[in-house]
Each structure stands twice: as structure tokens, then as C-alpha cells.
Amino acid sequence: MVRGQLGFYAANRQLLSRSWAKCQSKPLILRSMASSSDSDSYQYLQRSKLPTMYFQKSLPRLPIPLVEKTCERFLAAVQPITTGEEFAETQQVVGEFKSNEAVELNAMLKMKDEANKHTSYISEPWFDMYLKDRAPLPLNYNPLLAMKNDTRPEYQHQLVKAANIIITSLRFWRSLQAELLEPEVFHMNPKKSDTESYRRWMRLTPKIVATYASYAFKAFPLDMVQYERLFGTSRIPGMEKDHLVQSPNSKHIMIMRRGNIYAVDVLNENGLIEKPQEILARLNAVVNLDNSKPAAEVPIGVLTASQRNEWARVREYMTKSAVNDELLSEQIDKALFCICLDTEEDPTFSEANPIPAFKNMLAGKATNRWFDKSLSMLLTADGTAAINFEHSWGDGVAVLRYFNEVYKETMNKPYLSTADLKSVSQISVDSSKVRYLNFEIDDKLKEEVRKAYDQNQKNVNSLNMQMLIYPKLSKQACKTDRLSPDSIMQLSFQLAYKQAFGKYVGTYESCSTAAFRHGRTETMRPCTMATKEFCDNVLASQQNFDAKKLRSLIDKCSTYHSQLTKDAAMGQGFDRHLFALKHTAVINNKPIPKFYELDAYKRINYNIISTSTLSSDGLLSGSFGPVVRDGLGIGYSIQNEMCGVVVTSYENGCNGQEFISSLEQSFNTIRRVIDESK
């Protein structure tokens, strides 16, 4: 099983991205501090006329593809990365699998799916895949989304930014709990369906058929079950398998600074959000308290960066102390989310060289992180904000929606500015509302933290990160030239890798299946016979550059890629089906079919190129680690003005710098083909 299959970044661009990329520039609206802190306008981010989970019961179920189609799609995907002899052998084994074991396993899978209509056939095995993997979370699973900075200094100050993010986060959470958050719906034509008329019709429609009624408006509701785990959720390490705990009624968050950990109440005894000035005052109290202490000598957050069995063993030892047990289970595990305040000693964002800040936010020293929390918001000393989140509980739908809502409100309707810092310093903060978590530390625990720190540093130091911004290819330019932007990016990656390293390899692109109940993700395989034909022709045409022929091959790639996108979004890929069939064999004590020992199967699941993208006006950058030691982690974005990539690789693995240089050459080649073929 390949680790880090990051469905979150690569939700289906064509089906989903517009629905959650609504962070459009608007005039700043300053909040009136005179408004009551317990008024609905403050307590709730939204007051949707359609309940949040209105469409949930009527969402269609994720289909189990036909075995014949799955085998056909698998063969098409492995053909470009196998020799003719290997492919012939693969065809024979696939044929035997299709006629024999797959039939029985698929029948068993369907029987289980029929008995569990509340969920999808992939949900349980996908949870198991994440929770059973023993690899450390940073670099292997937890991704990074960095947020664009505010150009106004009065809102970019670290504590002001943190307080505004906390307030919006709580308003989002309370709206979700009260079913007042707008349901997630993809509108094919927002002008016609994202309207009051649409909502009136939906309110008159019985919930049991609401999704299908929405389809008549070309509006497609998305699964929202993952939203419930956004806040108050922690991953708890266990021997061989972790588990999730959820505390939706908590009233506090955790704050980390210089490795010290604090629990800070942000909701009052009635579950209402505290006043903006009070929240800022409590953050200020954390900083003042922390400045009176040394940096943590034993930063226990580092333990969450450990190999999972090691962390499980150490946590079991830690919790033999009643004090530590209470602090972990009540103050950390139950915290709604984590805020990590970095200091001037940590890298800050620089437009000239953003890599040190991105690398630190992706994994860093781990002294000021708690990677097990469902959601951590990181803030550098200069106020640059980023989300680092634990991946097992969900994919991109919930996180990206939350990210966009936070960005939109903190940019357009912030509650606090630096002017409030003077007044909050006069507020007397109840010490019971800001609690320093004073763990009992002995020599054994010190040694365990030291070992975890050293191992994490070794991992992080072996990570290379490169960045490329290319202005000549953009979303707008692709649309003008009648091309799929995502197809162009994926084609560029294939050409770049072939140019640099002389071969085609297993490539991963994820697509959300959130249009179905409890859908997770499906894999798209962007290395195709069509992309291979284009790349081979480019490399053979240096002396005789035929732009029109190459343009026709680009069109062919784009058409095929669009079909892969559509198939995957509709649950008609092959990766998840094959994964579920193997899982079915395991849980029923059946022999693992010979098919899964095929070199072709292992090769396509050894994702040398792992790619992820998202669409958001608030995104500064997205990044994640390679999923194999000799692979590349490619976080990319194609926007209206340019395209850009952040590439991660490991020392003594794939050469990320060489790939970046080749990628720029690929972009130039594709730009030349488009221009000269007109």
C-alpha cells in the first residue's frame, strides 16, 4: 500500500473547485464592536435557509464498478509504464483474475455494501489504510496549505491574525453544529441555480429526494459527513492501528509557543464564543506567560512526529502519570483545534525565498507542533498563516471550504486590528481560562523526546524543496486556447520527467468522489498512451518541430484526461475498486490473488510522481512530501495569471532540482506548440 495518497489536494477541479473557491475580493467591512457578542450575527458565520445536512440522506451511493471495466482501465493505465512483453504477461494474469477470483471477491464486496447502505464501500478500508500505517505523519501524510498574507499591517500582526482566525473558525464551527452552514453544492451555472429561487424550491422538496431535485437545476450537492470531524478530533496512537477521538462539545483550543503548550477557553459556559477583545486578551496572556518561561526543555509535541508504534509505546508510558493522562486526554485530545505561534527564531515568509518558511510549516523541527490534531493553524512571527492537518479523518472538501471561509472573512470582515492590542492589555484575564500544561517529565521521557527529535530532524533535513512560477501558462490562457488547464499541467509533468530521467513512471492524481455518500477519493492515472505519444514525438522532433501535429496530440491528451476526470468523479476509476477487492480477501481470510503480485500492479502503485492541486483565491502555496523515497511530491496550482509548482524530494532520491529545470523547459515547449500552431 502506497502511503500519503493525498485526496485532499487534488479534489476534482472541473466538478468541485469552483464551489469552494469563492474568496473574491470585496471592500473591507469593519465590524462594529458595539454589537452584542451573543447575537446571532456574531455567533454564526452563516444562517443558511437550507440545513447543512439537507442533502445528506438523498446523496447517491458510490457505485462499485463492473469488474470487466476495472480490469480494462487497469490495463490501459499500466501499458505506458510496461514493456511489450510485460504487458502481454499482465494481460494474461488480468484475464485469469477477471474470470476467477475477482468474481467471488466482487460478490462479497457487493454483499457487504448492500448491508451498509449508510456509507460507501471504500470508507472503512480507506480509514484502515490510514490508521494502520505506522509511518510518521509529517512528510508522509500531513499536508500544508499556506494562506496569502494581508497587505495591511494592522491585520497581519501575529496575535491579531490568530485571534481573527480563531473567531472565524468558531463561527464556522457553531454554524455547522446548528446546521446553519450552507450545504456544499457545486453549481454548473451559478447565475441560474445559486439563487433564492433554487433554495425555495429545495425547501419544498422532501429530503429523501432533494439531491435528485437539485440535479434538475444542474446543481450537485456534495457529501458533508467529514465536516463533523474538522474540530475537536485527534488521532490517538495505538500499537498496529491508531484510532480517532472526537469531542465536539469542547470549549477550549490548544496553543503552542516555543514548545510550551497552553489550553485556552474560547467558548463560555453556555457554549457561546467569547468577545473578540477577550479572545485577543487571552492570546496576549499566553504570550506574556510564555515570555516569563524558558522555551520547553522537553517539547513533547515532537513525539507526534514519531513512527506510530513508537509514539503509542511512549504515550502509554506517559499516561501512567495521572497528571499526564489528564493533560493529554482532557486538554489536548479534546481541544477544538491547535494554534501554533512561531517566534522570530523560526523562518518567516519571504517572497524572494519562501522555501524555508514552507518547509518549516510542512514539517519543521516539530518542537512547536501537534501533528495528531485534526486541524492546526500555524502562524509565523510575521503573521503568515498556514493549515497543517491530520489526513485520516477526511479529504479536501471540508478543509478547503474551511480555509476559504477563514481567508474570506479575515480579509474582508476582520473583528480585530492592532488598535485593539492596547486596550486588551488592560483586560484582566482569568487564569483559569489560560492554562499552562505542565507535564511530569522524567529522564526516560526526556530521552524519548530527544530520540524523536533527532529522527524527525534526520527526515526533514533529507527533504529538498524547490519552487517554480511560470507566467506564460495560466488558466485564462488555457481556456483561450481551448485546453484543459489541469491536463496541460499533468502533460508538462510527464514531459519533464521523461526529459530529465528518460522513462515513464507511476503517477498519482486524486479526484474527489464527494458527489456520493461517504465518498472519499479516486485515483486518476495521468501517464497514458496519449501523453507518451506526445512526449515521444516532442523528443524526436528537435530538428523538425511540427507544431500542428504536436498540437493535435495535446488535444488528444486533453480529451482523454477529461474523460479520466469524469470517470473518476463518477466513481468509475479502478484503483479504489481493486483496493477494496484485496481488502475483501484479507478480511475474509481468502488467498490474495496472483494479480496483486504482478510487477505492473506494484509499479503503478509505486507513485514516483504524486501530484496534488486545489483552487482558492486565498492560497499562497500547497505542499506535501513525496510518497516514496525516490519520488516527487508535486503541489501545483494554475491560476488566472500564472501557474506554479512546489516540488519536494529526498536526498539521494529523485533529483527535484533537475526535474524543476526540465519542467520549465516543458512549459516552454508546450507554450511554443500552442503559439506556433495557431
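As annotated in an unreviewed UniProt entry, the protein carries the name Carnitine O-palmitoyltransferase 2, mitochondrial and comes from Musca domestica. UniProt lists a comment for the protein under the heading Pathway (unreviewed entry), and it reads "Lipid metabolism; fatty acid beta-oxidation." Entered under Catalytic activity (unreviewed entry) in the UniProt record, the comment concerning the protein runs "4,8-dimethylnonanoyl-CoA + (R)-carnitine = O-4,8-dimethylnonanoyl-(R)-carnitine + CoA".

*Asks:* Can you help me understand the overall build of the protein in this one?
*Replies:* Of regular secondary structure, the protein possesses 25 helices and 18 strands. For the protein, the C-alpha radius of gyration of 25 Å lies close to 26 Å, the compact-globule estimate for 678 residues. If one aligns the C-alpha atoms of the protein with their principal axes, the spans along those axes are about 75 × 60 × 55 Å. For the protein, the proportion of its 678 residues judged to be buried stands at 63%. Considering only residue pairs separated by 6 or more positions, the protein has 80% of its internal contacts joining residues 24 or more positions apart. Here the protein carries 84 positive and 77 negative side-chain charges, and the mean point of each set is 5 Å from the other.

*Asks:* It is not clear to me how the sheet that holds strand S12 (residues 463–470) should be interpreted in this structure. Could you clarify?
*Replies:* Strand order in the open sheet made by the six strands is S12-S18-S17-S15-S13-S14, with mixed pairing throughout. Among the strands making up the open sheet, the edge pair consists of S12 and strand S14 (521–524). On average, adjacent strands in this sheet sit at an angle of 25° to one another, irrespective of strand direction.

*Asks:* What should I look at first to understand the domain arrangement of the protein in this one?
*Replies:* For the protein, the domain assignment lists domain 1 (36–59 + 184–221), domain 2 (137–182 + 227–462) and domain 3 (471–571 + 590–677). The C-alpha centroid of domain 2 is placed 32 Å from the C-alpha centroid of domain 1. Residue-level contacts link 17 residues of domain 1 with 25 residues of domain 2. When domain 1 packs against domain 2, the two sides together hide about 1,900 Å² of surface, and 49% of this comes from carbon and sulfur. At the boundary of domain 1 with domain 2, the tally comes to two salt bridges. Its salt-bridge partner being Glu-182, residue Arg-199 comes within 3.7 Å of it at the nearest N-O pair. Applying the counting rule to domain 1 against domain 2 returns 19 residue pairs in polar contact (both at pLDDT 80 or more). Here the side of domain 1 that touches domain 2 gets three residues from one element, more than from any other, and that element is helix H2 (residues 40–43). Across the side of domain 1 that touches domain 2, the residue classes tally to seven nonpolar, six polar and four charged.

*Asks:* Sorry, what's going on with the packing of helix H8 (residues 158–177) against helix H12 (residues 276–291) here?
*Replies:* Helix-helix packing is described using two parameters, namely the angle between the two axes and the distance between the axes. The geometry of H8 relative to H12 is characterised by a closest axis approach of 9 Å and an angle of 130° between their N-to-C directions. As judged from the angle between their axes, H8 and H12 are oblique. You can see that H8 and H12 cross each other, and the crossing is right-handed. From H8, Leu-159, Val-160, Ala-162, Ala-163, Ile-166, Ile-167 and Leu-170 reach across to H12, where they touch Pro-276, Ile-279, Leu-280, Leu-283, Asn-284 and Val-287.

*Asks:* I keep staring at unusual backbone geometry and nothing clicks. Help me out?
*Replies:* Most of the time, phi is negative for any residue but glycine, and the peptide bond is trans. Of note, the phi angle at Glu-240 is positive, near 80°, even though the residue is not glycine. At Arg-482, a position not held by glycine, the phi torsion is positive, near 60°. For Arg-482, the position within the fold is in the loop between helix H19 (475–480) and helix H20 (485–501).

*Asks:* Any chance you could explain the UniProt feature "domain: Choline/carnitine acyltransferase" (unreviewed entry) in the protein here in plain terms?
*Replies:* UniProt's entry tags residues 62–665 with the feature "domain: Choline/carnitine acyltransferase" (unreviewed entry), counted in the numbering of this structure. The span residues 62–665 is 45% helical and 15% strand by assignment, and the distance between its end C-alpha atoms comes to 40 Å.

*Asks:* I tried to follow the packing of aromatic side chains on my own but got confused; where do I start?
*Replies:* Each aromatic ring pair is described using two quantities: the centre-to-centre distance and the angle formed by the ring planes. Overall, the coordinates contain 29 aromatic pairs when judged by the stated rule. Each residue in the set Phe-74, Phe-97, Phe-574, Phe-595, Tyr-596 and Tyr-601 is aromatic and connected to the rest through ring pairs, giving one cluster. The ring of Tyr-436 has Lys-293 lying over it, and the distance from NZ or CZ to the ring centre is 4.1 Å. Taking NZ or CZ as reference, Arg-520 lies 5.1 Å from the ring centre of Phe-127, over its face.

*Asks:* So what exactly am I meant to see when it comes to the UniProt feature "active site" (unreviewed entry) in the protein here?
*Replies:* Under the local residue numbering, the UniProt record ascribes the feature "active site" (unreviewed entry) to His-391. Taking the relative accessible area as the measure of exposure, His-391 reaches 0% and is therefore buried.

*Asks:* When you look at the nonpolar core in this model, what are you seeing that I'm missing?
*Replies:* For soluble globular proteins, the rule of thumb is that nonpolar side chains tend to be buried together. Grouped together as the largest cluster of nonpolar side chains are 185 residues, with contacts concentrated most on Phe-74, Tyr-402, Phe-534, Phe-595 and Val-645. Looking at this core, the element that brings in the most residues is H8, giving eleven residues. Once you skip the residues sitting within four places of it in the chain, Phe-534 turns out to touch Leu-491, Leu-495, Leu-550, Leu-553, Ile-554, Cys-557 and Ile-670. Listed in part, the eight residues of the second largest apolar core include Leu-50, Tyr-54, Phe-55 and Val-185.

*Asks:* Looking at this structure, how should I read the side chain of Ser-666?
*Replies:* One can find Ser-666 in helix H25 (residues 656–676). A polar contact is formed between the side chain of Ser-666 and the backbone nitrogen of Ala-496, at a distance of 3.1 Å. What Ser-666 contacts, discounting residues up to four positions off in sequence, is Ser-492, Leu-495, Ala-496 and Gln-499.

*Asks:* I tried to follow the confidence of the model for the protein on my own but got confused; where do I start?
*Replies:* Low pLDDT means the predicted atomic positions in that stretch should not be read closely. Overall, the predicted model of the protein reaches an average pLDDT of 93, with 95% of residues at or above 70. Here residues 1–29 is a poorly scored stretch, pLDDT under 50, and it has 115 contacts once near neighbours within four places are set aside; other chains count.

*Asks:* Would you mind going over the sheet that holds strand S10 (residues 385–388) with me for this structure?
*Replies:* Across the sheet, which stays open at both edges, the eight strands sit in the order S11-S7-S6-S8-S9-S10-S1-S16 with mixed pairing between neighbours. The open sheet has two edge strands with one neighbour each: strand S11 (434–436) and strand S16 (619–623). With direction set aside, neighbouring strand axes in the sheet form an average angle of 20°. Of the pairings in the sheet, the one linking strand S1 (residues 144–147) to S10 comprises three bridges and is antiparallel in character. Residue pairing across strands places Leu-145 opposite Ile-387, the latter belonging to S10.

*Asks:* What should I look at first to understand the pairing of S14 in this one?
*Replies:* Regular strands have side chains that alternate between both faces of the sheet. Neither face of S14 is exposed, since Thr-521 and Thr-523 on one face and Glu-522 and Met-524 on the opposite face are all buried. Where strand S13 (residues 507–512) meets S14, four bridges bridge the pair, whose relative direction is antiparallel. Bridge pairing in S14 links Ser-512 to Thr-521.

*Asks:* I tried to follow the pairing of S1 on my own but got confused; where do I start?
*Replies:* Where burial is concerned, the two faces of S1 agree: the one with Leu-144 and Ala-146 and the one with Leu-145 and Met-147 are both buried. In this structure, S1 lies alongside S16, joined through four bridges in antiparallel fashion. Paired with Leu-144 across the two strands is Ser-623, which belongs to S16.

*Asks:* How do you make sense of the side chain of Arg-257 when you look at a structure like this?
*Replies:* Relative to the elements of secondary structure, Arg-257 occurs in strand S6 (residues 252–257). Judged by relative accessible area, which is 10%, Arg-257 ranks as buried. Among the polar contacts listed, one links the side chain of Arg-257 to the side chain of Asp-290, at a separation of 2.9 Å. Setting aside chain neighbours within four positions, we find Arg-257 in contact with Val-287, Asp-290, Asn-291, Leu-341, Thr-343 and Asn-368.

Thresholds, definitions, all that
Residues numbered from 1 in each chain as written. Predicted model: local features only at pLDDT ≥ 70, side-chain atom pairs only at ≥ 80, totals over all residues. Heavy atoms only, no water. UniProt positions renumbered as here; feature names shortened; annotations may be inferred. Helix = DSSP H or I, 4+ residues; strand = E, 2+ residues; numbered from the N terminus. Rg over C-alpha atoms; globule rule 2.2 N^0.38 Å. Buried < 20%, exposed > 50% of the residue type's maximum accessible area, 1.4 Å probe, protein only. Contact = heavy atoms within 4.5 Å. Lys, Arg positive; Asp, Glu negative; His and termini not counted. Charge placed at Lys NZ, Arg CZ, Asp CG, Glu CD. Pairing = 2+ DSSP bridges. Axes fitted to C-alpha atoms, helices over the stretch in contact; angles between N-to-C directions. Domains from an automatic or database assignment. Buried area = accessible area lost by both parts, 1.4 Å probe. Salt bridge = Lys/Arg side-chain N within 4 Å of Asp/Glu carboxyl O. Polar contact = N/O pair within 3.5 Å; in protein donor to acceptor, adjacent residues only side chain to side chain. Nonpolar A, V, L, I, M, F, W, Y, C, P; charged D, E, K, R; others polar. Parallel < 35°, antiparallel > 145°, perpendicular 65-115°, else oblique. Left-handed = near helix turned anticlockwise from the far one by under 90°. Phe/Tyr/Trp six-rings, centres within 6.5 Å; stacked < 30°, edge-to-face > 60°. Lys NZ or Arg CZ within 6 Å of the ring centre and 35° of its normal. Core = buried A, V, L, I, M, F, W, Y, C linked by side-chain atoms within 4.5 Å. pLDDT = per-residue confidence, 0-100.

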